[in-house]
Amino acid sequence: MGNILKINILIFGFLIYTKMAKEYTRCELAKKLKEYGFDGTFIPAWLCLIDAESGRRSDKITTHGYHKRYGLFQIQSMEYCTPSKKNGGGICKSDCIDFVNENIQDDMNCAKLVQTKFGFKAWPKYETLCKDYLNRWAEDVNKCLYGPSLFKTVLPEAEKSLDSYNDLNSIESDKSSAEYSNKVSFLILISSIAMFLNFC
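This section reports on the structure supplied with the text. Note that the coordinates shown come from a computational prediction; the quantities given were computed from them, not determined experimentally. (Residues numbered from 1 in each chain as written. Predicted model: local features only at pLDDT ≥ 70, side-chain atom pairs only at ≥ 80, totals over all residues. Heavy atoms only, no water.)

Attention now goes to the side chain of Ser-94. In this structure, Ser-94 sits in the loop between β3 (75-76) and α4 (105-118). Side-chain polar atoms of Ser-94 contact the backbone oxygen of Cys-92, separated by 2.9 Å. (Helix = DSSP H or I, 4+ residues; strand = E, 2+ residues; numbered from the N terminus. Polar contact = N/O pair within 3.5 Å; in protein donor to acceptor, adjacent residues only side chain to side chain.)

Written as structure tokens, this is what we have:
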């Protein structure tokens, strides 16, 4: 009975953990960043940073020497947060464990604060994996936030209109040619009749 109870507790704990943790898609994160007021110019940088640092998982905890990093943004313990707010909470005045659940608003607030104070260089992987590749990330962000470009949407209609215009011109041209041919044929007929009458 004791073992069954332990198994049930483990299953319950696992279900709670999976409920709290979340792995985001890139588009989900791009929309979240925009929703929480991140400067659109920097959303590609943030998206790449999150992808590189945490793999877009809200529950990720990594160990680096004497400190740990938490959550989507891999917020560093001791300097940016502490194991308990009673210890000061670091720059973000937060308990580090608050950064590994599904509520990412506090993560975003802290990340903004860190970036404002130290820039993106506060995240080691940004320098090596993101800094020189932002154009590609910008394309992904634009697709997520705005969908296909207006140009691509309008172009087929423009091409269709152009084809219709060309078809219409072709029809008008054919009509003009036919009318011209009819006029020439009529003039030839009149001339022939006149010549015949004169001959007679």
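Another aspect to go through is the environment of Glu-102. When you line up the elements, Glu-102 lands in the loop between β3 and α4. C-alpha of Glu-102 to C-alpha of Glu-23: the two residues are 79 residues apart in sequence and 9.1 Å apart in space.

A few words on helix α6 (residues 134-146). Taking 1.5 Å of rise per residue, the 13 residues of α6 would be expected to cover 18 Å, and the 17 Å separating its terminal C-alpha atoms lies within 8% of that figure. Listed in full, the buried residues belonging to α6 are Trp-137, Val-141, Cys-144 and Leu-145. Around the axis of α6, the buried residues are gathered within 85° of arc, so they sit on the same side. Of the residues in α6, the exposed ones pointing more than 90 degrees away from the buried face are Asn-135, Lys-143 and Tyr-146. On its buried face, α6 sits against α2 (26-35) and α3 (43-54). Just downstream of α6, Gly-147 is the residue with a positive phi angle, here 70°. (Expected span 1.5 Å × (residues − 1). Buried < 20%, exposed > 50% of the residue type's maximum accessible area, 1.4 Å probe, protein only. Arc of directions from axis to C-beta. Contact = heavy atoms within 4.5 Å.)

Turning our attention to the packing of aromatic side chains. Throughout the structure, instances matching the rule amount to 7 aromatic pairs. Geometrically, the ring pair formed by Trp-46 and Phe-120 is edge-to-face, given 4.9 Å between the ring centres and 70° between the ring planes. Remark: Phe-120 occurs in the loop between α4 and α5 (124-129) and Trp-46 occurs in helix α3; sequence separation between them is 74 residues. On the basis of relative accessible area, Trp-46 is assigned to the buried category, the value being 3%. (Phe/Tyr/Trp six-rings, centres within 6.5 Å; stacked < 30°, edge-to-face > 60°.)

Note that all results are geometric; they support no functional claim without further evidence.
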